[in-house]
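# Coordinates in review
As a plain string of letters, each chain reads:
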Amino acid sequence: MLALRADRLFDGLSSVALGNPTVVIDEGRILSVSSGGAVPADAEELVMPGATLLPGLIDTHVHLGFDASQDPVSPFLAAGPADLLATMRENAARALSAGITTVRDLGGKGLSTLDLRDAAGNGGVRLPHMLVAGPPITSPDGHCHFMGGVADGEGKIRTAVRALIERGVDVIKMMGTGGSMTPGSDPLHVQFQDREIRAAVEEAHAHGVPVTVHAHARDGIRAAVRAGADGLEHAKFWVADGIEPDPATIDDIARRGVWVCPTMGAVPGSPPPPAAVAKRLALADDLMRDMHRRGVRLVAGTDAGISPAKPHDVLSFGIEEMARAAAMSNAEALRSATSVAADCCGVPAKGRLIAGADADIIAVGGDPLTELGALRAVRAVILNGARVR
Ligand SMILES: [Zn+2]
């Protein structure tokens with residue numbers, strides 16, 4: 001049994017901090033959360049003056065197999081299974097030490113991310129909880145085709161989705177449009193017909209698995225929403241010469257409760273993204289504010305690994321960027337990376353510090369409810385009730 005004490009606590013749900021908290025945990029679960037509560041006689045006590053306790057952070061969009069170099073694809077393609085596993089372990093460990101206790105990998109090479117998730121012991125390295133998509137479903141020569149998830153036509157798409165689910169993926173990722181990092185792929189190109197996306201959604205839902213769709217282009221976003229996707233990745237409404245947000249579609253996204261992960265987050269001072277991305281990024285603040293104002297469920301996720309700006313511990317910068325761009329309060333931005341992210345990932349026992357929840361907890365110096373940069377002053381990481389940092 002372990003009792004944590006600090007100056008304040010953000011529970012992942014409310015807008016105000018609890019003062020003088022005591023959190024008692026046992027067997028990987030939170031037994032109680034109280035203000036000034038007594039510490040059980042048999043509990044080991046960890047007292048952190050000046051610190052804030054909060055749920056372990058969740059990055060809903062990472063690529064553990066990408067090494068955050070200028071060209072992450074070449075080493076990814078060249079690596080054999082053992083080297084790739086080593087890279088993924090290293091990246092996952094880096095996330096964990098930054099207080100990210102759950103990651104959702106939305107695109108790995110073949111089934112490598114499932115192998116990592118399921119590997120016993122993980123070579124002695126403690127890793128965050130992992131939810132994985134395996135290889136994204138994509139069109140022939142489409143975005144990230146080199147990950148191994150190529151399928152087209154309703155029948156083949158259903159078969160591919162079923163095979164991934166039988167192998168145990170937590171989520172289906174589908175590439176609704178092209179992407180910037182695949183040579184020959186155009187982010188404005190819509191890769192699938194509505195009926196193909198719908199086939200994937202129906203097949204996945206029949207097995208209780210959600211589908212999230214990568215979509216840059218406005219028309220790809222519309223197609224994914226029409227087809228019943230559960231989530232959208234990027235979703236910046238790209239058109240030929242900029243972005244063109246469409247209020248009716250945004251209202252539809254909000255009404256249907258579709259999760260939107262705008263993949264924000266970059267280490268300050270990093271090299272800029274490709275010109276087409278940078279140009280549209282500068283236009284995205286109004287869109288973010290509008291989505292938030294219209295009630296879209298925005299979740300934190302970074303696309304960690306795809307460039308030097310996005311190492312696997314970049315999430316704190318993504319939370320700050322989202323707060324600024326969408327004009328969210330700090331509490332709202334923190335919820336997007338805790339309770340809201342947990343709900344998006346289908347793990348509602350995570351992302352909140354309440355009795356009965358999983359004991360994935362971090363302590364940071366200072367108060368992230370007033371200064372989000374405090375998220376980088378990680379003082380303790382508790383995973384499954386055990387201290388890993
Ligand atoms: Zn991605």
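Residues numbered from 1 in each chain as written. Predicted model: local features only at pLDDT ≥ 70, side-chain atom pairs only at ≥ 80, totals over all residues. Heavy atoms only, no water.

### Considerations on the side chain of Thr212
- Structurally, Thr212 can be placed in strand β10 (residues 211-217).
- Side-chain polar atoms of Thr212 contact the backbone oxygen of Gly231, separated by 3.3 Å.
- Not counting the four nearest positions on each side in its chain, Thr212 is found in contact with Arg104, Leu106, Val171, Ile172, Lys173, Met174, Gly231, Leu232 and Glu233. (Helix = DSSP H or I, 4+ residues; strand = E, 2+ residues; numbered from the N terminus. Polar contact = N/O pair within 3.5 Å; in protein donor to acceptor, adjacent residues only side chain to side chain. Contact = heavy atoms within 4.5 Å.)

### A few points about helix α7 (residues 247-256)
- Among the residues of α7, Thr249, Ile250, Asp252, Ile253 and Ala254 are the ones counted as buried.
- Looking at the buried side of α7, the elements it contacts are α6 (218-226), β11 (231-239), β13 (259-261) and α9 (284-293).
- Where α7 begins, the capping side chain belongs to Asp246, and its oxygen is found 3.1 Å from the backbone nitrogen of Ala248.
- Taken from the residues just after α7, Gly257 is the one with a positive phi, measuring 70 degrees. (Buried < 20%, exposed > 50% of the residue type's maximum accessible area, 1.4 Å probe, protein only.)

### Some details on the coordination of the zinc ion
- Ligation of the zinc ion by protein atoms is provided by His61 (NE2), His63 (NE2) and Asp303 (OD), these donors lying 2.0 to 2.1 Å from the ion.
- Every donor residue of the zinc ion comes from the same chain, spaced as H-x1-H-x239-D. Taken together, the residues His61 in strand β6 (residues 57-62) and Asp303 in the loop between β14 (297-298) and α10 (315-326) connect sequence positions 242 residues apart. The two residues His61 and Asp303 agree in class, both being buried. (Donors = N, O, S within 2.8 Å, 3.2 Å for Na, K, Ca; no water.)

### Section: the domain arrangement of the chain
- Taken domain by domain, the chain consists of domain 1 (2-55 + 351-387) and domain 2 (57-344).
- Each side of the interface is counted separately: domain 1 has 25 residues, and domain 2 has 25 residues.
- A buried area of about 2,000 Å², summed over both sides, lies between domain 1 and domain 2, and 62% of it is on carbon and sulfur atoms.
- Where domain 1 meets domain 2, there are two salt bridges.
- Between Asp343 and Arg352 there is a salt bridge whose closest N-O contact spans 3.0 Å.
- Within the residue set of the side of domain 1 that touches domain 2, elements represented by two or more residues are β5 (44-55) and β16 (378-383).
- Looking at which element gives the most residues to the side of domain 1 that touches domain 2, the answer is β16, with four residues.
- Here the residues of the side of domain 1 that touches domain 2 are counted per class, giving 14 nonpolar, seven polar and four charged. (Domains from an automatic or database assignment. Buried area = accessible area lost by both parts, 1.4 Å probe. Salt bridge = Lys/Arg side-chain N within 4 Å of Asp/Glu carboxyl O. Nonpolar A, V, L, I, M, F, W, Y, C, P; charged D, E, K, R; others polar.)

### Notes on the packing of aromatic side chains
- Enumeration over the complete set of coordinates arrives at two aromatic pairs.
- Seen from their ring centres, Phe76 and Phe146 are 6.1 Å apart, and the 75 degrees between their planes marks the pair as edge-to-face. Pair noted here: Phe76 is in helix α1 (residues 73-78) and Phe146 is in the loop between β8 (129-132) and α4 (154-167), with a separation of 70 residues, a long-range link.
- Through a chain of ring-to-ring contacts, three or more aromatic side chains come together here, namely Phe66, Phe76 and Phe146. (Phe/Tyr/Trp six-rings, centres within 6.5 Å; stacked < 30°, edge-to-face > 60°.)

### Examining the sheet that holds strand β7 (residues 100-105)
- Taken together, three strands build an open sheet; the order of strands is β6-β7-β8 and the sheet is parallel. In this open sheet, the two edge strands, each paired with only one partner strand, are β6 and β8. Taken over all neighbouring pairs, the strand axes of this sheet differ in orientation by 15 degrees on average, direction set aside. (Pairing = 2+ DSSP bridges. Axes fitted to C-alpha atoms, helices over the stretch in contact; angles between N-to-C directions.)

### Points about unusual backbone geometry
- Positive phi values are uncommon outside glycine, yet His234 reaches one of about 75 degrees.
- Structurally, the position occupied by His234 is in strand β11.
- Residue His234 is classed as buried on the basis of its relative accessible area, which comes to 6%.
- In this model, Asn384 sits at a positive phi of 50 degrees, which is unusual for a non-glycine residue.
- Considering the arrangement of structural elements, one finds Asn384 in the loop between β16 and β17 (386-387).

### Looking at the environment of Ala349
- Mapped onto the secondary structure, Ala349 falls in the loop between α12 (339-344) and β15 (361-365).
- On the accessibility criterion, Ala349 (30% relative accessible area) is partly exposed.
- If we skip the residues at most four places from it in the chain, Ala349 touches Ala357 and Asp358.

### As for empty space enclosed by the protein
- Scanning the model with the defined rule gives one cavity of 30 Å³ or more in all.
- Here the largest cavity defines a volume of roughly 30 Å³.
- Taken together, Met264, Ala300, Gly301, Thr302, Leu315, Gly318, Ile319 and Met322 form the lining of the largest cavity.
- Each residue belonging to the lining of the largest cavity can be placed in one class, and the counts come to five nonpolar, three polar and no charged. (1 Å grid on protein atoms, 1.4 Å probe; cavity = no way out; pocket = protein on both sides within 12 Å on 5 of 7 lines; lining within 4 Å. Points joined across faces, edges and corners; volume = space filled by probe spheres on them.)

### Observations concerning the layout of surface pockets
- When its volume is computed, the largest pocket comes out at roughly 930 Å³.
- Lining of the largest pocket is provided by 41 residues; of these, Pro273, Pro274, Val277, Ile306 and Lys310 occupy positions nearest its centre.
- Counting only elements with at least two residues in the lining of the largest pocket, the list comes to β9 (172-175), β10, β11 and α8 (275-281).
- When its residues are assigned to classes, the lining of the largest pocket shows 21 nonpolar, 13 polar and seven charged.

### What to know about the packing of α6 against α7
- The N-to-C vectors of α6 and α7 enclose an angle of 35 degrees; their axes lie 11 Å apart at closest approach. As for how α6 packs across α7, the hand of that crossing is left-handed. Here Ile221, Arg222, Val225 and Arg226 of α6 come into contact with α7, specifically with Thr249, Asp252, Ile253 and Arg256. (Left-handed = near helix turned anticlockwise from the far one by under 90°.)

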